[in-house]
4 protein chains.
Amino acid sequence: MASNKYEEITKAAVMLFERKGYHATSVQDIADEVGLQKGSLYHYITSKEDLLMQLAHRSISEFNGQMEEILKNASLTNRERLHLAIENHLKYVTKNVQLTTVLLREAFSLGEDQHQVIQDLTDKYLNLWTQVIEQGIAAGEFRPVHARITALSILGSINWVYRWYKEGGKLTASDISKLYSDLFLDGIENR
Amino acid sequence: MASNKYEEITKAAVMLFERKGYHATSVQDIADEVGLQKGSLYHYITSKEDLLMQLAHRSISEFNGQMEEILKNASLTNRERLHLAIENHLKYVTKNVQLTTVLLREAFSLGEDQHQVIQDLTDKYLNLWTQVIEQGIAAGEFRPVHARITALSILGSINWVYRWYKEGGKLTASDISKLYSDLFLDGIENR
Amino acid sequence: MASNKYEEITKAAVMLFERKGYHATSVQDIADEVGLQKGSLYHYITSKEDLLMQLAHRSISEFNGQMEEILKNASLTNRERLHLAIENHLKYVTKNVQLTTVLLREAFSLGEDQHQVIQDLTDKYLNLWTQVIEQGIAAGEFRPVHARITALSILGSINWVYRWYKEGGKLTASDISKLYSDLFLDGIENR
Amino acid sequence: MASNKYEEITKAAVMLFERKGYHATSVQDIADEVGLQKGSLYHYITSKEDLLMQLAHRSISEFNGQMEEILKNASLTNRERLHLAIENHLKYVTKNVQLTTVLLREAFSLGEDQHQVIQDLTDKYLNLWTQVIEQGIAAGEFRPVHARITALSILGSINWVYRWYKEGGKLTASDISKLYSDLFLDGIENR
DNA sequence: TATGAATGAGGATTCATTCAT
DNA sequence: AATGAATGAATCCTCATTCAT
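Residues numbered from 1 in each chain as written. Chains lettered and ligands numbered in written order. Predicted model: local features only at pLDDT ≥ 70, side-chain atom pairs only at ≥ 80, totals over all residues. Heavy atoms only, no water.

J.: Would you take a moment to explain the protein's contact with DNA strand E for this structure?
T.: Around DNA strand E, the surrounding shell holds 29 residues, and the nearest of these are His43 and Tyr44 of chain B, His43 and Tyr44 of chain C together with Tyr42 of chain D. For DNA strand E, the fraction of atoms within 4 Å of the protein that belong to sugar or phosphate moieties is 57%. In the environment of DNA strand E, a phosphate oxygen lies 2.8 Å from a nitrogen or oxygen atom belonging to the backbone of valine 27 of chain A. At a separation of 2.8 Å, a phosphate oxygen of DNA strand E approaches a polar side-chain atom of tyrosine 42 of chain A. Mapped by element, the contributors of at least two residues to the surface near DNA strand E are α3 (38-41) of chain A, α3 (38-41) of chain B, α3 (38-41) of chain C together with α3 (38-41) of chain D. Looking at the surface near DNA strand E, its residues break down into eight nonpolar, 16 polar and five charged. (Near = heavy atom within 4 Å. Polar contact = N/O pair within 3.5 Å; in protein donor to acceptor, adjacent residues only side chain to side chain. Helix = DSSP H or I, 4+ residues; strand = E, 2+ residues; numbered from the N terminus. Nonpolar A, V, L, I, M, F, W, Y, C, P; charged D, E, K, R; others polar.)

J.: What am I meant to see in the domain arrangement of chain A here?
T.: By a frequent convention, interface size equals the accessible area lost on bringing the separate parts together. Residue and element names in this part refer to chain A. Per the domain assignment, the segments making up chain A are domain 1 (1-45) and domain 2 (48-186). The straight-line distance from the C-alpha centre of domain 1 to that of domain 2 is 27 Å. Summing the contributions of domain 1 and of domain 2, the shared interface buries around 1500 Å²; its carbon and sulfur component is 64%. Seen at the junction of domain 1 and domain 2, the total is one salt bridge. Note that glutamate 7 is salt-bridged to arginine 58, the shortest N-O span being 3.3 Å. Inspection of the domain 1/domain 2 interface yields seven residue pairs in polar contact (both at pLDDT 80 or more). Listed by contribution, the elements that provide at least two residues to the side of domain 1 that touches domain 2 are α1 (4-20) and α2 (27-34). Here the element with the most residues in the side of domain 1 that touches domain 2 is α1; it accounts for nine residues. (Domains from an automatic or database assignment. Buried area = accessible area lost by both parts, 1.4 Å probe. Salt bridge = Lys/Arg side-chain N within 4 Å of Asp/Glu carboxyl O.)

J.: Sorry, what's going on with the relation of the copies chain C and chain D here?
T.: Taken together, a rotation about one axis and a shift along it account for how the two chain copies relate. Rotating chain C by 180° about the axis while translating it 0.0 Å along that axis superimposes it on chain D, leaving an RMSD of 0.1 Å. Each copy turns onto its partner about a two-fold axis. An overlap of 100% is found between the interface residues of chain C and their copies at the interface of chain D, pointing to a shared contact surface. (Least-squares fit on C-alpha atoms with pLDDT ≥ 70 in both. Contact = heavy atoms within 4.5 Å.)

J.: Just to check I follow, could you spell out the interface of chain C and chain D for this structure?
T.: Each partner contributes to the interface: chain C provides 41 residues, whereas chain D provides 41 residues. When chain C packs against chain D, close to 3900 Å² is buried across both sides, 60% of that on carbon and sulfur atoms. The three residues of chain C that bury the most area against chain D are Arg143, Trp160 and Ile188 of chain C, which together make up 20% of that side's buried surface. Where chain C packs against chain D, one counts four salt bridges. Viewed at the interface, chain D and chain C are joined by 21 residue pairs in polar contact (both at pLDDT 80 or more). At the level of secondary structure, the elements contributing two or more residues to the side of chain C that touches chain D comprise α1 (4-20), α5 (78-95), α6 (97-106), α8 (147-159) and α9 (173-186) of chain C. Looking at the side of chain C that touches chain D element by element, the count peaks at eight residues for α8 of chain C. Residues that form the side of chain C that touches chain D fall into these classes: 17 nonpolar, 11 polar and 13 charged.

J.: Explain the relation of the copies chain B and chain A here, please?
T.: The transform that puts chain B on chain A rotates by 180° and translates by 0.0 Å along the axis, for an RMSD of 0.1 Å. Interface overlap between copies is the fraction of interface residues in one copy that are interface residues in the other; for chain B against chain A it reaches 100%, indicating a shared surface.

Okay, here's the thing in structure tokens:
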């Protein structure tokens, strides 16, 4: 399972799913990429769909893992938590644009059951973000905004980044996360 | 072109593309939905891909149209423009969730050339948003933020709405747009 | 039947069948060419195949007609008959390259029964040629060659012309028929 | 490529293309003939059209090969060359009537580009024939005929043979080639 | 005469997956 | 572990023809 070859296949799949999309990527394409015959691939993978599932699952799990770390850390204010959450998320997205794209754009192609699993993990991620905001409001750090909508709003914003971020652009992940943190904390109004 | 039947087909396609995705929707599915033979469909459409193209094009054009109206209106402050832009966008998204989903999720399945056309219109939309923010900064209405990134951020946020909005939920489009406007103008920090 | 429109359709069909081949020509193509709707065409034609049949039949009939004239003319020697046959055939081919092409290249696409009709007429044509040669041999005008093979040989030669003849080339039908007559009468050997 | 199965498919295709024509032969027909599923065929072939292309190419190449051999052989007079050319051509046609039919009748169904390739090879073949005649004229072996037209004439004649030759008929390829050589060298006139 | 909607069968091709070797 | 032949279902699309208006 965790063999070298499997990781190779995984990488090829991420790359191809991102570039061409899940449906437009054939098992043959993946086989070609790793220098194997189509049939041989099935020694390593269960199915094309399962490959997608593994990738999506890995990605959302890592997002959740990061967020749980942040919430566990008792020494942080919620303002710091939010800032860190944004930074971590954007760092992950920018360092793993392809994988993030697979999660955010392609997971929908999973069968219903599999897709639900990913959906649940995604909901959980949203809940963790909501929690930070709720805590911040309770602590008087944040204004009494609608926590869930705010979480959805921020997440939408930073998820969207996979759509335009290009490696080697002018802005680093840090730059971007500063801009986003600023925006969501202060807004753009000139006071 | 604008025949009754074509609109019927269009509606069926929007519905199916949204529910199952473009690739998972067969021409047969669409034909079944409108009660026509598969072959008969081709009296109205050029190809399945063209159908997708028409839908995506219609959608992004309407987004652009709205935004151009706003920019043309000289009696508005840029603060008002931004507010209106958010409101219009969200109203369109919530009133046409399926169509918006087709634009935002499925347009990627278009062939390269067609996709580029949509991409260009999408870029144009981004530029119009950027313009509002730049003007607002110049006029001293907004803080000197990074206009383009801010536009991307807000657009990401409100585009994301198609992913979670359900008709008949507690929040109306107006409610949501008020929350979003607030957020992007003032941020959440408690000052 | 013999209406103006039918002739128009006939001309369009000849042109298209020659240019693209019978199978690659759709009824739509023909309709477009005459500025009619596909359905309207069926007021004039029975079927696409029948259209082909009419064309092939007309062509081979005219070939046969010419040849019968020649044989009926008692004042001709068989040498003259052969010369005239070659000339007439080549004049017809060069003046009606498209129609000849349809006969010689596309008639094969007819259904078995229809094709047999054309085949029979073609066989008849061969017989008429054979007759001229046989008569010429009997009369001592020609050497005692194998009449049928010789007829096939000459016919092959002059039928082939539709494959390379281009209107407006250097050689006229008369030029070509002189060269061919010469060749088949005298051969190329230098004596 | 040169696998057993591919040759089997090739043979089935030749047979079917000859019998029914390229267009009237479905991939299903070919699959049935070799006892494979339609889809399985695509392990061996690229497309139906490519199959046709391979066959046409093989055939015209062999014609050209034969002719080049003849021209290379310095010990032959041009009279002998012409005789040999006719004999070789007819032997090939009669031994491979089906394949020759595919070349001469069906190659036209190739797409433009592919067809041009075959056309070019066919033109080359014509040039080789023209060369023999030109050389013969220069050497005083042949009368000063129009070399190209003469080549076209002879080639037309012997190509036509695929249209009437039936295996097991009275005349062998040798018989036929003797008759044709005679005809083209001496003509039919009784002197 | 002309339309154009509708048919329904047929066609080439793709593709994920299986399995004997 | 690897192959590659084979499957069989699915997919998009074309097209000659019919027919009500």
